[in-house]
Every structure is written in structure tokens, then in C-alpha cells.
Amino acid sequence: MKAYKILFISCILWFVFLCLLHYFSLRPLWLDEELVFKNLQELSSLKLLGPLGYTQMFPRLYLIIINFFARGFDYNLLALRLPSLLCMFLAFFVWLKVFQQILPGKWQVLLAIFSFASSYRIIYYAAELKPYSMDVLVAGVFCWYLLCQKQLETKAPSKLFITVTFLLPFTLALSYSSFFFFWMVIYNYIFIVKKNHKAALLFASYSFLCLLIIISTYYFYLRYELSGSTVPWNNYFLGTQSFYSFIKPFGEGLRKLTTFWFGNSKFFIKAASFLIPIFVISLFGYGIRSLKKNKCRFLDADSIGLVIFLELVVLGILRKYPFTGARITLFFAPLIFFLIIKGIGSLKRIKPLYIGLNTCYIAFLVMCSLNSFFAYLKLYN
């Protein structure tokens, strides 16, 4: 028990340390960050609600918050990146709460937060002028909410739950990842209201706010981004002209979706390849079983993970969201960690395989952590 507490606290401190190590390195703005920064310099807060220059995409409410904060510090580099850092810190603790609900044992929870803390990409985007850390936070909040929704069938919602219900729709203006989740809440409410009529007011309020904010975001900026966002991602959409045009980007996207998060080079993507079959089997095996068990409702992380994956595939076919498995799907990474850990845990009956995979995964995470440390330390040279 004492060893677990020490390791648990160590994981949290390690994550915070790596994030701060990267943040205070004052790494110069790179291409996309520089272009976002140019928009902040050249456009007023009102004009930020319209189309952005330099082919940039950014949820406007979040961008306006960054602009309002950073402007007070004369757009200092640390001020520009501080909202991303704070969002990732919050995301870590939200996902910790989610992991404690969805994983059966404390050691699996520890492995999940170690996966989070060892992810080079998660640490990297905790200190970048981009919206990806907000995406991870919003995805965690939605997962927590969906996991708690089932309780409405038998009891009244808590004050916290009611507050989050009214705040959740506003995440549609803060993060693109919200569009993958918001409709699941509405879908679940349709079933819940049949058993608990008192939940109807929450259902109606949430649905109305979502509709209002979707219309607003579409009018102010989404219509511009939806019409001009496909060109840079042409190679990442899923083709329907032939089997090859579908399977090539699908296979590459699936590979990156599983392996992209751990390191900053092809070596780590290749080294993490042993996790791909574990992730895929868990994704479809547990996801389909969950949908059958819960009568096609999204009440646990298994079904949520499968539905998000299917959304990515469908949107990739429709050429609305690229199936890259890279930074724009960072919000999906914590669910991938969960599915990998759950997949390894399902092999307990085959002890040699179970012990071997756990050992390989933990050793791989240690290697990823050390790589992150030395990579961010180099930025100080």
C-alpha cells in the first residue's frame, strides 16, 4: 500500500515536472504557432470571431480567452502558452478521476496515469499555442459526464452534475473535440427521460444550449473552416474510389492512432507497434460487448472509445476530419491508453503472456519518459 502511494504521487510529480521543464524552456514559436500569433497581433477580438488568416483553425472562444490573457502581458511567450499548460494540468486530474472509475484495479490506474505522464506528445502540447490540451480536457469532462449519466435513471442529479450540464454546451466553442461527444449526451438522455421524467428539464436545457452554440459557432467561423480546411489534409482522408485508396490511409491512421503519443521519432512508433493488435481487439471486443450490454447506450469508456473511432472513420470518408492519428486526435489518446491497459489485463489467465506484455509496456513507458526528459532538457542548450 505504501509503495503504491509513493508511485502514485511520483507519477503526478513526474508529469508536472516534465510539463514545466518543457514550458520554461522558452522554445521559440514554430510555424503553426507563429501563424496563430500573427492572427492575435493583426486581428481585434471581434475580428477573431470571423475567418482566421494563414489557413489557421482554432476554436474562437478559446482563442479569444488566450488573446485577452496574453495581451495583458504584452504577448509574452510564457503568457501565450500558459492556458495550454493549465488545461493539460486540469486534463490530467480529470482523466485520473475517469481512470479510477473505468479501470478495475489501483495498479491499472497507476499504469494509466504513468502512460499519460510518459507521453511525449501530451507533454509537448501542454506548452504550445494550439488547442490540443483543451481538447484533452474537454474529452475527459465529457467522459466523466457520460459515465455519471446512468445515475439519473434512479436518483436526482447532484448540484455539480447540474452545473456541468449547463456548462458543457459552451465547450463547443472551446474545443473541436466537443463535436465528437456532445450528441452522445443527448442520445443517452432520450433513454433516461423514459425512466426518469424529472431529467427532462436537464435534457431540454442541454439540447437547446447545444443548438444555440452550434448555430452561433457555424455563423461566426465554422462555415469558413469547413469550406477551406480540406486541402492541407488531402492525403489523410479515407478514399472510396478503390479498396487501396481506403486501406492505405486507414492503416497508416490506425497505426499512428495507437503509437503516435509515446515518442518524438519513428523509432518510438515502431517500438510501440506491438500495442496495435491489443488496442484493436480491445476497441472492437469490449466496445461491441458494451453496446450490447447497455442496449446501444454510451455509458462506459468501452462504447465511447468505439463510437469515437467510428466517427473518425466516417468523417474521414466524408472528408470532414482527417484520419491522421496525429495531433488533432490527441483527445483520444487517454482512451487508447485505457484500451491498451484493459486489453493487457484481459490476458491474466495466460500468465506468461500477461506478465510479458506488462513488463514490455512498463519498460517502454520508462524509455519514453527518459526520452521526454532528455529531449526537453536539450532545449535549454
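Residues numbered from 1 in each chain as written. Predicted model: local features only at pLDDT ≥ 70, side-chain atom pairs only at ≥ 80, totals over all residues. Heavy atoms only, no water.

### Overview of the layout of surface pockets
Basically, it comes down to this: Both cavities and pockets are sets of points on a 1 Å grid over the protein atoms alone; in a cavity a 1.4 Å probe fits but cannot get out, in a pocket the set is open with protein on both sides within 12 Å along at least five of seven lines, and lining residues sit with an atom within 4 Å of a point. Grid points are joined across faces, edges and corners, and a volume is the space filled by probe spheres set on the points. Helix numbers and strand numbers start at the N terminus; a helix is a DSSP run of H or I with at least 4 residues, a strand a run of E with at least 2. Classes in brief: Ala, Val, Leu, Ile, Met, Phe, Trp, Tyr, Cys and Pro nonpolar; Asp, Glu, Lys and Arg charged; the others, Gly included, polar.
Within this model, the second largest pocket holds a volume of roughly 370 Å³. Trp107, Gln108, Leu110, Leu111 and Ile362 are the residues nearest the centre of the second largest pocket, which is lined by 18 residues in total. Put simply, the parts of the chain that give the lining of the second largest pocket at least two residues each are helix 1 (2-23), helix 5 (106-118), helix 15 (333-345) and helix 16 (351-378). The leading source of residues in the lining of the second largest pocket is helix 5, at 6 residues. In terms of residue class, the lining of the second largest pocket is built from 11 nonpolar, 5 polar and 2 charged.

### Regarding the state of the cysteines
Inclusion rule: Defined by distance alone, a disulfide is two cysteine sulfur atoms within 2.5 Å. Relative accessibility thresholds used throughout: buried, under 20% of the residue-type maximum; exposed, over 50%; partly exposed, between the two (1.4 Å probe, protein chains only).
Counted by the stated rule, this structure contains 0 disulfides. Note on Cys143: no disulfide assigned, nearest cysteine sulfur contributed by Cys148 at a separation of 11 Å. On the basis of relative accessibility, which here comes to 2%, the residue Cys143 falls in the buried class. Of all cysteine sulfurs in the structure, the one in Cys368 sits closest to Cys360, which takes part in no disulfide; the separation is 13 Å. Cys360 sits in the partly exposed class, given a relative accessible area of 44%.

### Section: the nonpolar core
The condition that has to hold: Nine residue types can take part in a nonpolar core, namely buried Ala, Val, Leu, Ile, Met, Phe, Trp, Tyr and Cys, and a core is a set of them joined through side-chain atoms within 4.5 Å.
In this structure, Phe15, Trp95, Phe99, Phe181, Phe332 and Tyr361 are the most contacted members of the largest nonpolar core, which totals 134 residues. The element that contributes the greatest number of residues to this core is helix 4 (residues 77-102), accounting for 14 residues.

### Some thoughts on helix 1
Keep this limit in mind: Given the number of residues in a helix, its expected span is that number minus one, multiplied by 1.5 Å. Contacts were defined at the residue level, with two residues in contact if any of their heavy atoms lie within 4.5 Å.
Across its 22 residues, helix 1 extends 32 Å between first and last C-alpha, which sits within 8% of the 32 Å expected from 1.5 Å per residue. All of the buried residues along helix 1 are Tyr4, Phe8, Cys11, Ile12, Phe15, Leu18, Cys19, Leu21, His22 and Tyr23. As for helix 1, its buried residues are in contact with helix 4, helix 5, helix 6 (120-124) and helix 16.

### Overview of the packing of helix 5 against helix 16
The condition is simple: Note on method: axes are straight lines fitted to C-alpha atoms, helices fitted across the in-contact stretch only, with angles between N-to-C directions ranging 0 to 180 degrees. Roughly parallel refers to an angle under 35 degrees, roughly antiparallel to one over 145, roughly perpendicular to one between 65 and 115, and oblique to any angle outside these ranges. Crossing chirality is assigned from the near helix's rotation relative to the far helix, an anticlockwise turn below a right angle marking it left-handed and a clockwise turn marking it right-handed.
The interhelical angle for the contact between helix 5 and helix 16, taken along N-to-C directions, is 30°, at an axis separation of 9 Å. One element, helix 5, and the other, helix 16, form an angle in the roughly parallel class. Considering how the two elements wind past one another, helix 5 and helix 16 form a crossing that is left-handed. Here Leu111, Phe114, Ser115, Ala117 and Ser118 of helix 5 lie close against helix 16, whose contacting residues are Asn358, Tyr361, Ile362, Leu365, Val366, Cys368, Ser369 and Ser372. Class assignment of the residues belonging to the contact of helix 5 with helix 16 gives a composition of 8 nonpolar, 5 polar and no charged.

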